[in-house]
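Residue-level structural notes
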Amino acid sequence: AQTVTQSQPEMSVQEAETVTLSCTYDTSESDYYLFWYKQPPSRQMILVIRQEAYKQQNATENRFSVNFQKAAKSFSLKISDSQLGDAAMYFCAYRRIMGAQKLVFGQGTRLTINP
Amino acid sequence: GAVVSQHPSRVICKSGTSVKIECRSLDFQATTMFWYRQFPKQSLMLMATSNEGSKATYEQGVEKDKFLINHASLTLSTLTVTSAHPEDSSFYICSAPRDGTNEKLFFGSGTQLSVL
């Protein structure tokens, strides 16, 4: 079974600074998807970024980028120029390519932005 | 964009009663929907996969007789918590992929269940 591990329960960063959230995962499959989701206090799940495992290029979405290390099974999220609105729970998630499109989530990291 | 509507957003009930939560895809068909549960300050745990026209697939440790899932149409799945008890109090979230695509999942806004 696939597992996702986020070893940082909480992180904090100064506004406008850069922060990196860590995620590792375990799978025996060669192709899969990885995601970062944001859950603000409203608890609505918001997709931040998605990475296909067969793509070597790291995904980027504006201020958000990932460092995908397939061999190490590592998938970290970098948030540049942190903004107050970035404060939320962040979940790393794994999904198989084939079969049911269910997500396996990590434990989450609570990100605080200090003004 | 695609939207998944989930109702109610919050429900308070007495112990022993049943509660139904609806998850509806508003502008796309979803043969499959997923139900997650999230306890306070914890992650989302998959409870079951809802399949239109067939029985749901439950994750290990989830009581199928307690958490009844009905996926009666291509746009609607319901989760009924039967004989609810305080330990069932949690945040329940549904999600669905658009049929025929391998794109992202669309999430409902969640239901906070409080059992007194």
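Above: the structure in question.
A short tour of the structure in this document, coming up.

Criteria and thresholds
Residues numbered from 1 in each chain as written. Chains lettered and ligands numbered in written order. Predicted model: local features only at pLDDT ≥ 70, side-chain atom pairs only at ≥ 80, totals over all residues. Heavy atoms only, no water. Contact = heavy atoms within 4.5 Å. Buried area = accessible area lost by both parts, 1.4 Å probe. Salt bridge = Lys/Arg side-chain N within 4 Å of Asp/Glu carboxyl O. Polar contact = N/O pair within 3.5 Å; in protein donor to acceptor, adjacent residues only side chain to side chain. Core = buried A, V, L, I, M, F, W, Y, C linked by side-chain atoms within 4.5 Å. Buried < 20%, exposed > 50% of the residue type's maximum accessible area, 1.4 Å probe, protein only. Helix = DSSP H or I, 4+ residues; strand = E, 2+ residues; numbered from the N terminus. 1 Å grid on protein atoms, 1.4 Å probe; cavity = no way out; pocket = protein on both sides within 12 Å on 5 of 7 lines; lining within 4 Å. Points joined across faces, edges and corners; volume = space filled by probe spheres on them. Nonpolar A, V, L, I, M, F, W, Y, C, P; charged D, E, K, R; others polar.

In this complex, chain A contributes 18 residues to the contact, which on the side of chain B involves 20 residues. A combined buried area of about 1,700 Å² lies between chain A and chain B, and 50% of that area is made up of carbon and sulfur atoms. Ranking the residues of chain A by area buried against chain B places Arg43(A), Gln101(A) and Lys102(A) at the top, with a combined share of 34%. The interface formed by chain A and chain B contains one salt bridge. The tally of links from chain A across to chain B stands at six residue pairs in polar contact (both at pLDDT 80 or more).

As a further point, take the nonpolar core. Counting 26 residues, the largest nonpolar core has Phe67(B) and Leu113(B) as the members making the most contacts within it. Among the elements of the structure, strand S2 (10-13), strand S3 (19-25), strand S4 (32-38), strand S5 (44-51), strand S7 (67-73), strand S8 (76-81), strand S9 (90-96) and strand S11 (111-115) of chain B are those that each provide at least two residues to this core. Not counting residues within four places of it along the chain, the set of residues in contact with Phe67(B) comprises Arg37(B), Met47(B), Tyr58(B), Val62(B), Leu79(B), Thr80(B), Val81(B), Asp88(B) and Tyr92(B). Counting 25 residues, the second largest nonpolar core, distinct from the first, contains Val4(A), Leu21(A), Phe64(A) and Leu77(A).

What follows covers the layout of surface pockets. Taking a probe equal in size to a water molecule and rolling it over the atoms shows the remaining empty space. Put simply, the largest pocket is a space of about 450 Å³. For the largest pocket, the lining is made up of 18 residues, of which Gln2(A), Leu103(A), Val104(A), Leu46(B) and Glu59(B) are closest to its centre. For the lining of the largest pocket, the secondary-structure elements that each account for two or more residues are strand S1 (3-5), strand S10 (88-96) and strand S11 (104-105) of chain A together with S5 of chain B. Its residues assigned to classes, the lining of the largest pocket comprises 11 nonpolar, three polar and four charged. Of the voids in this model, the second largest pocket is the one considered here, and its volume is about 270 Å³. As for the second largest pocket, its lining consists of 18 residues, of which Gln39(A), Arg43(A), Met89(A), Arg110(A) and Lys41(B) are closest to the centre.

Take it as geometry only, folks, not as evidence of what the structure does.
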